[in-house]
Amino acid sequence: MLSYKASSDSHGQDSSYFIGWQEYEKNPYHQLHNPNGIVQMGLAENQLSLDLLESWLENNPDSLGFKRNGESVFRELALFQDYHGLPAFKNALAEYMAEIRRNKVKFDPNKLVLTAGSTSANETLMFCLAERGDAFLLPTPYYPGFDRDLKWRTEVEIVPIHCSSSNGFRITIPALEKAYQKAIELDLKVKGILIVNPSNPLGTSMTRYELNLLISFAMAKQVHIVSDEIFSGTVFDCPHFISLAEALMDRQLENTDMWSRIHIVYSLSKDLGLPGFRVGMIYSNNETVVSAATKMSSFGLVSSQTQYLLSNMLSDKKFTGKYLKENQKRLKKRKQMLVSGLHNAGIRCLKSNAGLFCWVDMRHLLSTQTFESEKELWKKILGEVGLNISPGSSCHCSEPGWFRICFANMSEETLGVAMERIKDFAESVTSNRNRNISTYHQMICDQRLLFNKWVFKLSTNDRESDR
Ligand SMILES: Cc1ncc(COP(=O)(O)O)c(C=O)c1O
């Protein structure tokens, strides 16, 4: 009685990424009420700087009280439903995005489309750029939500660009070419490449070299590039963030075809820590895309009171400057806590400079270097250790043993508890393994001893019979 899409599992909700969340919901850790519960480390949420937003709200009561210069704007906001968005908000958002990019890129508010988060922005772009029979190439590992956001309703296919740990999961030309050929083999038309910069789950920003590779490839193949820059405001360490738009400008490609084939996605869910407000956007130099996406944004508008509140917050330049700096400082400190906690447990992370997570190498804890072992390890860490972390396979990583661990959605104390649990676990795996190895050695020694005795016995028998 239902549509195929409503009744099938093609939204990807059965991935271990989402199953881990469900397990956490059943038994969430609480320092006092449930100290043996599961610690949620599979959620890329930023709770480190909410106090800064709260103190801004306290100092700016008009914004929350629907007032402008003391006068009520309630009626104005209650009736406003223009899908172009509030001009004041779009101006403030465009300037905030430029500030994150150290004003190396300017954004024209007329080329900006408001959406209900980046989820909606990415899907809307897929609708505008591709359809059934088309594909987008995505570097692996990638954000597990993309299987739902990019494919489910649009019927566009994702073809992975397999990146490897041997070069820190950087994009290479052979990997790009291989993915492109794979799409052709599958009878799919490649419409573009979608990158997440800085990457979720790697926590690294793209180098200029990588961006240039991608641009040259997209120019040669005449395809689009969608750059999801949702984590751009979280870059807390060198190298600086380079937006795709900046890389194109540096190559003086503003007046070329390629300029109208780049599309940037952003949202306030990560650096500002406001996923519940559902504020995202698409920025495109392609007029047709802007016009179509604006019409489609009717399906997921940002409410006018949210736009009003945030236009006041983001146009307070003194606040945004301070917020960005302080938030990055806190993220960096928190990331270092995670890295050193894991280091104490003998676990290494990929070197990172951004994001709300680390990409963690647990290959040495696998019983065999397979995805079955990775799943076994993930289940043990979730069920026995009580940590929800995301296995690399849920991010389509091509090598088993990598996990994404989030650090910004909990208190320092909870992170401390998680680090103690993982240390105990890693030590137990290693000592079990050492015990097994020494039992094995003992077994070999015993067998050798028996064998020697047997040989000795044979030779004495021989000698005796010779006599
Ligand atoms: C790369 C990426 N894109 C999009 C999203 C969705 O974000 P939003 O809350 O703005 O819809 C996420 C959320 O984790 C993400 O990591």
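Residues numbered from 1 in each chain as written. Predicted model: local features only at pLDDT ≥ 70, side-chain atom pairs only at ≥ 80, totals over all residues. Heavy atoms only, no water.

1. Digging into the side chain of D361
Part 1 of the reasoning: For D361, the location among the structural elements is in strand β12 (residues 357–361).
Part 2 of the reasoning: Among the polar contacts made by the side chain of D361, one reaches the side chain of R363 at a distance of 2.9 Å.
Part 3 of the reasoning: Apart from the residues lying within four places of it in its own chain, the contact partners of D361 are I347, R348, G401 and W402. (Helix = DSSP H or I, 4+ residues; strand = E, 2+ residues; numbered from the N terminus. Polar contact = N/O pair within 3.5 Å; in protein donor to acceptor, adjacent residues only side chain to side chain. Contact = heavy atoms within 4.5 Å.)

2. Examining the domain arrangement of the protein chain
Part 1 of the reasoning: As assigned here, the protein chain comprises domain 1 (4–50 + 327–426) and domain 2 (61–320).
Part 2 of the reasoning: Using C-alpha coordinates to define each centre, domain 1 is positioned 25 Å away from domain 2.
Part 3 of the reasoning: Each side of the interface is counted separately: domain 1 has 35 residues, and domain 2 has 37 residues.
Part 4 of the reasoning: When the two sides are added together, the surface that domain 1 and domain 2 hide from each other amounts to roughly 3,100 Å², 58% of it contributed by carbon and sulfur.
Part 5 of the reasoning: Taken as a group, K5, N353 and H396 account for 22% of the area that domain 1 buries against domain 2, more than any other trio of residues on that side.
Part 6 of the reasoning: In this structure, K332 and D237 form a salt bridge, with 3.5 Å as the shortest nitrogen-oxygen distance.
Part 7 of the reasoning: At the junction of domain 1 and domain 2, the tally comes to 21 residue pairs in polar contact (both at pLDDT 80 or more).
Part 8 of the reasoning: For the side of domain 1 that touches domain 2, the secondary-structure elements that each account for two or more residues are α2 (16–26), α14 (317–344), β12 and β15 (402–406).
Part 9 of the reasoning: Looking at the side of domain 1 that touches domain 2, the element that brings in the most residues is α14, giving 5 residues. (Domains from an automatic or database assignment. Buried area = accessible area lost by both parts, 1.4 Å probe. Salt bridge = Lys/Arg side-chain N within 4 Å of Asp/Glu carboxyl O.)

3. Section: empty space enclosed by the protein
Part 1 of the reasoning: Tallying each qualifying case throughout the model produces 1 cavity of 30 Å³ or more.
Part 2 of the reasoning: The volume enclosed by the largest cavity comes to roughly 190 Å³.
Part 3 of the reasoning: Taken together, 19 residues line the largest cavity, and the ones lying closest to its centre are P139, V196, S199, L202 and M206.
Part 4 of the reasoning: Those elements that provide at least two residues to the lining of the largest cavity are β5 (134–139) and β7 (189–196).
Part 5 of the reasoning: Element by element, the count of residues in the lining of the largest cavity is highest for β7, at 3 residues. (1 Å grid on protein atoms, 1.4 Å probe; cavity = no way out; pocket = protein on both sides within 12 Å on 5 of 7 lines; lining within 4 Å. Points joined across faces, edges and corners; volume = space filled by probe spheres on them.)

4. Observations concerning the sheet that holds strand β4 (residues 112–115)
Adjacent strands of a sheet pair through backbone hydrogen bonds, lying either parallel or antiparallel.
Part 1 of the reasoning: The strand order across the open sheet formed by 7 strands is β4-β10-β9-β8-β7-β5-β6, and the pairing between neighbours is mixed. The sheet is open, and its two edges are formed by β4 and β6 (157–161), each paired on a single side. When strand polarity is set aside, the average angle formed by the axes of neighbouring strands in this sheet is 25°.
Part 2 of the reasoning: Note that strand β8 (residues 224–228) and strand β9 (residues 262–267) share 4 bridges and pair parallel. (Pairing = 2+ DSSP bridges. Axes fitted to C-alpha atoms, helices over the stretch in contact; angles between N-to-C directions.)

5. Quick word on the sheet that holds strand β11 (residues 348–349)
Part 1 of the reasoning: Here we have 4 strands laid out as an open sheet, ordered β11-β12-β15-β14, and antiparallel in their pairing. Two strands in the sheet have a free side with no partner beyond their single neighbour: β11 and β14 (390–391).
Part 2 of the reasoning: Where β12 and β15 come together, 5 bridges link them in antiparallel fashion. Within the sheet, the bridge partner assigned to D361 lies in β15 and is W402.
Part 3 of the reasoning: Along the sheet face, α14 touches β11, β12 and β15 and points at about 15° away from the line of β12.
Part 4 of the reasoning: Of the strands in this sheet, β14 and β15 are in contact with helix α15 (residues 371–385), which crosses β15 at around 30°.

6. So, the pairing of β8
Part 1 of the reasoning: Of all 5 residues in β8, 5 are buried, a share of seventy percent or more.
Part 2 of the reasoning: Residues H224, V226 and D228 line one face of β8 and the alternating positions I225 and S227 line the opposite face, and both faces are buried.
Part 3 of the reasoning: Pairing analysis gives 5 bridges linking β7 to β8, with the strands arranged parallel. Bridged to L194 within β8 is V226.
Part 4 of the reasoning: Taken together, β7, helix α10 (residues 208–221) and β8 constitute a β-α-β crossover, and its handedness is right-handed.
Part 5 of the reasoning: Note that the unit made of β8, helix α11 (residues 244–250) and β9 has a crossover that is right-handed. (Buried < 20%, exposed > 50% of the residue type's maximum accessible area, 1.4 Å probe, protein only. Right-handed = clockwise from strand over helix to strand, strands pointing away.)

7. Let's talk about the packing of aromatic side chains
Any pair of aromatic rings gets described here by the distance separating the centres and the angle formed by the planes.
Part 1 of the reasoning: Evaluation of the coordinates by the stated rule reveals 14 aromatic pairs.
Part 2 of the reasoning: Judged by centre distance (6.1 Å) and plane angle (45°), the ring pair of W56 and F319 falls under tilted. Residue W56 is found in helix α3 (residues 50–59), and its partner F319 is found in helix α14; the two are separated by 263 residues along the sequence. Each member of the pair W56 and F319 is classed as buried.
Part 3 of the reasoning: Judged by centre distance (5.9 Å) and plane angle (85°), the rings of Y180 and F217 are edge-to-face. Of this pair, Y180 sits in helix α9 (residues 173–185) while F217 sits in helix α10, and the two are 37 residues apart along the sequence. Note on accessibility: Y180 and F217 belong to one class, buried.
Part 4 of the reasoning: In this structure an aromatic cluster arises from ring pairing among Y17, F18 and W21.
Part 5 of the reasoning: Its end group placed over the ring of Y180, K221 keeps NZ or CZ at 4.5 Å from the ring centre. (Phe/Tyr/Trp six-rings, centres within 6.5 Å; stacked < 30°, edge-to-face > 60°. Lys NZ or Arg CZ within 6 Å of the ring centre and 35° of its normal.)

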